[in-house]
Amino acid sequence: MVVMKMKFPFQKRVKLAQGLWLLSWCAAISGAITFSLGCILKTELRRRAEVMDNSDIHVVPNTLMIVGLASLGINYFASKICQDALDAGRFPRWKNMLKPYFAVSCFFTVLMLLAVIMSFAMKGSLESSLKVGLRNGIRFYKDTDTPGRCFQKQNIDRLQMDFHCCGNNDFRDWFEVQWISNRYLDFSSKEVKDRIKSNVDGRYLLDGVPFSCCNPSSPRPCIQFQLTNNSAHYNYDYQTEELNIYLRGCREALVHYYMGLMNAIGAGVLSVFLLQASVLVSLRFLQTSMEAVAGNENTEIETEGYLLEKPLKETIMEYIEPVMKFFLLTNQVEEGTPGAPAST
């Protein structure tokens, strides 16, 4: 059963080929934009790699760059096919190439759709990666003399100032770690000794935050130490006073930033996907309508074009079966090679 059969007079075929040529170049430019968006997202993710526990989220920009480059090639060949479709004598040379061309094109077009879906669905993976990465970043904040961690303090401070955030979940995360190096503690001081002795792990903990948590928009000079001690500051109430430090956690700020970026990119790539799908559908109609002209002396006859010659399920199996047979044959060859036949 032929799917979506349409009649194509000569003038309609010419207009289809001309319009599709222009559409394919628009899709090629869109492919270049998709590649650029993937590069931008990749760069932004690498900028904050030190506060991410894994690089699973990089699958999104990597996929965007791959499908962007593939789209350039797919649409370049589509424009060449459209040019040759205007000449019935040149179009037959594409006959044997169009089936694998459509298979490759459909694969990368589906991959583009998957990239769009991933850009909306990776929030959980991003959040869990940032949760562990930020926790480790805060824990190693003080290790400015340790190789491999000497820039951790600078990175965390810049992150908190750039994104107007403090801590992982919130500013209280700094209360649970020793973020001041022993190098800058006076161990002859009674206060330092008492704080260390009062902690089971022997860490110097305090209800304070680094300077990068201070909110410059606050009219009051920054209170970054003894945040929970009302008597330590004039006209201050920890429970009711709006603190003059950033209250939002950095995980929330980064998730909001990256998901906003990926959602915007996803929406843009979705429009590219629709454009690419339109090119492939139109090209399929052009191909099938031109096949009826082959071998006919009158090239200006009315022909029929269609999207699928068989139902969708049968068409998919027609493309999958050769691939399955290839892998099956490969496995049989590999199983037969390890042992040589025994001599008699």
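Just so you know, these numbers come straight off a predicted model, no measurement behind them.

### Concerning the state of the cysteines
Tallying each qualifying case throughout the model produces three disulfides. With a sulfur-sulfur separation of 2.1 Å, Cys 165 is cross-linked through a disulfide to Cys 250. On the sign convention where negative is left-handed, the bridge of Cys 165 and Cys 250, at about 85° about the S-S bond, is right-handed. Taken together, the residues Cys 165 in the loop between helix 5 (152-163) and helix 6 (190-197) and Cys 250 in helix 7 (residues 250-291) connect sequence positions 85 residues apart. Neither residue differs from the other here; Cys 165 and Cys 250 are each classed as buried.

### Quick word on the UniProt feature "transmembrane region" (unreviewed entry) in the protein chain
According to UniProt, the positions carrying the feature "transmembrane region" (unreviewed entry) are residues 60-79, 100-122 and 257-281. Overall, residues 100-122 shows 96% helix and 0% strand. The separation of its end C-alpha atoms is 32 Å. Measuring from the first to the last C-alpha atom of residues 257-281 gives 36 Å, for a span that is 100% helix and 0% strand.

### Points about the layout of surface pockets
In this model, the second largest pocket occupies a volume close to 270 Å³. Taken together, 13 residues make up the lining of the second largest pocket; nearest its centre are Arg 135, Arg 139, Asp 173, Glu 176 and Val 177. The class makeup of the residues in the lining of the second largest pocket is two nonpolar, four polar and seven charged.

### Describing helix 5
Taking 1.5 Å per residue as the helical rise, helix 5 with its twelve residues ought to reach 16 Å, and the 16 Å between its terminal C-alpha atoms agrees with that figure. Listed as buried for helix 5 are Gln 152, Ile 156, Asp 157, Leu 159, Gln 160 and Phe 163. For helix 5, the buried positions fall inside an angular range of 160° around the axis, keeping them on one side. For helix 5, the secondary structure elements touched by its buried residues are helix 4 (123-139) and helix 7.

### Remarks on the side chain of Asp 84
Along the polypeptide, Asp 84 turns up in helix 2 (residues 59-85). Looking at Asp 84, its side chain comes within polar contact range of the side chain of Arg 93, at 2.7 Å. When residues no more than four places from it in sequence are discounted, the contact partners of Asp 84 are Arg 90, Phe 91, Arg 93 and Trp 94.

### Brief notes about the packing of helix 5 against helix 7
One way to put it is that helix 5 packs onto helix 7 with a least axis distance of 10 Å and a crossing angle of 65°. Here helix 5 and helix 7 pass one another in a crossing that is left-handed. Of the residues in helix 7, those touching helix 5 at Leu 159, Gln 160 and Phe 163 are Cys 250, Ala 253, Leu 254 and Tyr 257. Considering only residue class, the contact of helix 5 with helix 7 consists of six nonpolar, one polar and no charged.

### Concerning the packing of aromatic side chains
The final tally for this structure, using the stated rule, is twelve aromatic pairs. Centre to centre, the rings of Tyr 141 and Trp 179 are 6.2 Å apart; their planes meet at 70°, and the pair counts as edge-to-face. With Tyr 141 in the loop between helix 4 and helix 5 and Trp 179 in the loop between helix 5 and helix 6, the pair connects residues that are 38 residues apart, well separated along the chain. Exposure remark for Tyr 141: the relative accessible area of 3% places this residue in the buried category. A network of ring pairs unites the aromatic residues Tyr 141, Trp 174, Trp 179 and Phe 225 as a single cluster. Over the aromatic face of Phe 8 sits the side chain of Lys 12, whose NZ or CZ is 5.0 Å from the ring centroid. One cation-aromatic arrangement involves Arg 149 over Phe 140; the distance from NZ or CZ to the ring centre is 3.7 Å.

Rules behind the numbers
Counting restarts for each chain, with residues numbered from 1 along the sequence as it is written. Two thresholds apply to this predicted model, a pLDDT of at least 70 for residue-level local features and 80 or more for giving and counting side-chain atom pairs, whereas whole-chain, interface and lining totals are computed over all residues. Working from all heavy atoms in the structure, the side-chain values ignore hydrogens and water. Here, a disulfide means two cysteine sulfur atoms that sit within 2.5 Å of each other. Here a helix means four or more residues in a row that DSSP labels H or I, a strand means two or more in a row labelled E, and each is numbered from the N terminus. Burial classes follow relative accessibility: with a 1.4 Å probe on protein chains only, a residue under 20% of its type's maximum area counts as buried, one over 50% as exposed, and anything between as partly exposed. UniProt positions are given in the numbering used here, feature names are shortened, and annotations may be inferred rather than shown by experiment. Of the two site types, the cavity is a set of points on a 1 Å grid over the protein atoms alone where a 1.4 Å probe fits but cannot get out, and the pocket is an open set with protein on both sides within 12 Å along at least five of seven lines, each lined by residues with an atom within 4 Å of a point. Grid points are joined across faces, edges and corners, and a volume is the space filled by probe spheres set on the points. Each residue is assigned to one class: nonpolar for Ala, Val, Leu, Ile, Met, Phe, Trp, Tyr, Cys and Pro, charged for Asp, Glu, Lys and Arg, and polar for all the others, Gly among them. A helix is expected to span 1.5 Å multiplied by its residue count minus one. The directions considered for the arc are those from the helix axis to the C-beta atoms. Every residue pair with non-hydrogen atoms within 4.5 Å of one another is taken to be in contact. The term polar contact refers here to a pair of N or O atoms within 3.5 Å; inside protein, the definition further demands a hydrogen-donor-capable atom paired with an acceptor-capable atom, and it admits residues adjacent in sequence only when both atoms are side-chain atoms. Here, axes are lines fitted to C-alpha atoms. For helices the fit covers the stretch in contact, and angles between N-to-C directions go from 0 to 180 degrees. By the definition used in this description, the sense in which the near helix is turned from the far one sets the handedness, with an anticlockwise turn below a right angle giving left-handed and a clockwise turn giving right-handed. Centre distance within 6.5 Å is the pairing criterion for rings of Phe, Tyr and Trp, where only the six-membered ring of Trp is used; planes under 30 degrees apart are then read as stacked, over 60 as edge-to-face, and the remainder as tilted. Here, over-ring charges are defined by two tests on the NZ atom of lysine or the CZ atom of arginine: distance to the ring centre within 6 Å, and angle to the ring normal within 35 degrees.

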